[in-house]
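A structural walkthrough
So the chains spell out like this:
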Amino acid sequence: MILSIPKLIDRDTVTSIRSRLDASDAPWVDGRVSAGYSGAPVKLNQQISEVSQLAAEAGDQILSFLERNPLFISFALPNQVYPPMFNRYGEGMTFGNHVDGGVRISPATGRKIRADLSITLFLADPSEYDGGELVIEDTYGTHEVKLAAGDAIVYPASSLHRVQPVTRGVRVASFFWIQSLIRNDGQRSILHDMDTAIQRLNATSGDEDARRTLVGCYHNLLRQWSET
Ligand code: NI
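Since we're looking at a predicted model, the values are computed, not measured.

How each quantity is defined
- Residues numbered from 1 in each chain as written.
- Predicted model: local features only at pLDDT ≥ 70, side-chain atom pairs only at ≥ 80, totals over all residues.
- Heavy atoms only, no water.
- Helix = DSSP H or I, 4+ residues; strand = E, 2+ residues; numbered from the N terminus.
- Buried < 20%, exposed > 50% of the residue type's maximum accessible area, 1.4 Å probe, protein only.
- Polar contact = N/O pair within 3.5 Å; in protein donor to acceptor, adjacent residues only side chain to side chain.
- Contact = heavy atoms within 4.5 Å.
- Salt bridge = Lys/Arg side-chain N within 4 Å of Asp/Glu carboxyl O.
- Pairing = 2+ DSSP bridges.
- Axes fitted to C-alpha atoms, helices over the stretch in contact; angles between N-to-C directions.
- Parallel < 35°, antiparallel > 145°, perpendicular 65-115°, else oblique.
- Left-handed = near helix turned anticlockwise from the far one by under 90°.
- Nonpolar A, V, L, I, M, F, W, Y, C, P; charged D, E, K, R; others polar.
- Phe/Tyr/Trp six-rings, centres within 6.5 Å; stacked < 30°, edge-to-face > 60°.
- Lys NZ or Arg CZ within 6 Å of the ring centre and 35° of its normal.

1. Some remarks on the side chain of His98
Of note, His98 is situated in strand S7 (residues 94-98). A residue is classified by how much of its surface remains accessible, and His98, at 11% relative accessible area, is buried. Looking at His98, its side chain comes within polar contact range of the main-chain oxygen of Gly96, at 2.9 Å. With residues up to four places along the chain from it excluded, the contact list for His98 reads Ser159, Leu160 and His161.

See the structure below:
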């Protein structure tokens, strides 16, 4: 399942992160430094050095919003989050079809994180560039994604995806991965549907006994399926 999260970070934070990323001394490097042997030949973009102070500080700003976003928590059931990275695509830059690596090693901590979900947080508005759509192919078909600055898309890291060539302007984004408590996409999706139903019952004061039973089922499934 794919989920878009409108306004994951607010406008002020977009502006503050962009001013640092757009500065002339920002530590941009060739994007191929973090690509595997299959991704490198199709990857043509730039990234902020993962070990820079800028990546750490801007990443923390993003994570502080992510941690208190109820929609994200319900959908992703996060266990570990890879430190956010930042990329940009100028004219002619692109990232061809690929599947993200299954396990990433955080350069900051040396810790291994299984990539169950990928996130792209858009940091440039669609008016700033042409092309640059994120195209995701999953079992439900092909999805073309281009969102406002501050909006994010969460999708299975197992899906084939690409970034279309940018033909005007610059596409700036943050991207990173989530290790979920629930490895299986189908199980995670059932839990998200149940949680959404429970939240509606909470808001509409439905049958209290039925609501309590449903909450119990949710936690008992979470107990059976989760890995911590
Ligand atoms: Ni990717």
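Having seen the model, we can carry on.
2. Remarks on the pattern of salt bridges
Evaluated as defined, the whole model comprises 14 salt bridges. The residue Arg162 makes a salt bridge to Glu137 at a minimum N-O spacing of 3.2 Å. Of the two residues, Arg162 sits in strand S15 (residues 160-163) while Glu137 sits in strand S12 (residues 134-138), which places them 25 residues apart along the sequence. In this structure, the salt-bridge partner of Arg212 is Asp209, at a minimum N-O distance of 3.1 Å. Remark: Asp209 and Arg212 occur in helix H5 (residues 208-225); sequence separation between them is 3 residues, near one turn of the helix. Via salt bridges that share partners, Arg114, Asp116, Arg183 and Glu227 belong to a single interconnected network.

3. Looking at the environment of Leu123
Mapped onto the elements, Leu123 comes out in the loop between strand S10 (117-122) and strand S11 (129-131). Taking the C-alpha atoms as reference points, Leu123 and Asp151, separated by 28 residues in sequence, lie 8.0 Å from one another. When sequence neighbours within four positions are dropped, the list of residues in contact with Leu123 reads Ile9, Val14, Ile17, Arg18, Leu21, Phe86, Ala149, Val172, Ala173 and Ser174.

4. Overview of the pairing of strand S14 (residues 152-156)
Burial analysis of S14 places 5 of its 5 residues in the buried class, which makes it a mostly covered element. As defined by bridge partners, strand S1 (residues 3-5) adjoins S14 across 3 bridges and the pair is classed as antiparallel. By the bridge assignment for S14, Ser4 is matched with Ile153. Relative to S14, S10 runs antiparallel, the two being bridged by 5 bridges. Across the sheet, the residue bridging to Ser118 is Tyr155, located in S14.

5. What to know about the packing of helix H4 (residues 185-204) against H5
Contact pair H4 / H5: the axes reach a minimum separation of 10 Å and the direction vectors enclose 155°. When the axes of H4 and H5 are compared, the pair comes out roughly antiparallel. Seen along the crossing, H4 lies across H5 with a hand that is left-handed. Residues Gln187, Ile190, Leu191, Met194, Asp195, Ala197, Ile198, Leu201 and Asn202 of H4 lie in contact with H5, whose contacting residues are Arg211, Leu214, Val215, Cys217, Tyr218, Leu221, Leu222 and Trp225. Broken down by class, the residue content of the contact of H4 with H5 amounts to 13 nonpolar, 2 polar and 2 charged.

6. Focus on the packing of aromatic side chains
All told, the structure shown has 2 aromatic pairs when counted by the stated rule. Seen in terms of ring centroids, Tyr82 and Trp177 are 5.3 Å apart; in terms of plane orientation they differ by 85°. Their pairing is edge-to-face. One end of the pair, Tyr82, is in the loop between strand S5 (78-81) and strand S6 (85-89); the other, Trp177, is in strand S17 (residues 171-180), with 95 residues separating them in the sequence. In this pair, the class of Tyr82 matches that of Trp177, namely buried. A centroid spacing of 5.8 Å and a plane angle of 90° characterise the contact between Phe175 and Trp177, whose relative ring orientation is edge-to-face. When sorted by exposure, Phe175 lands in the same class as Trp177, which is buried. Here the aromatic cluster, defined as three or more aromatic residues joined through ring pairs, consists of Tyr82, Phe175 and Trp177. Between the NZ or CZ atom of Arg104 and the centre of the ring of Trp177, over which it lies, the distance is 4.0 Å.

Scope: geometric values only; no functional claims are made or implied.
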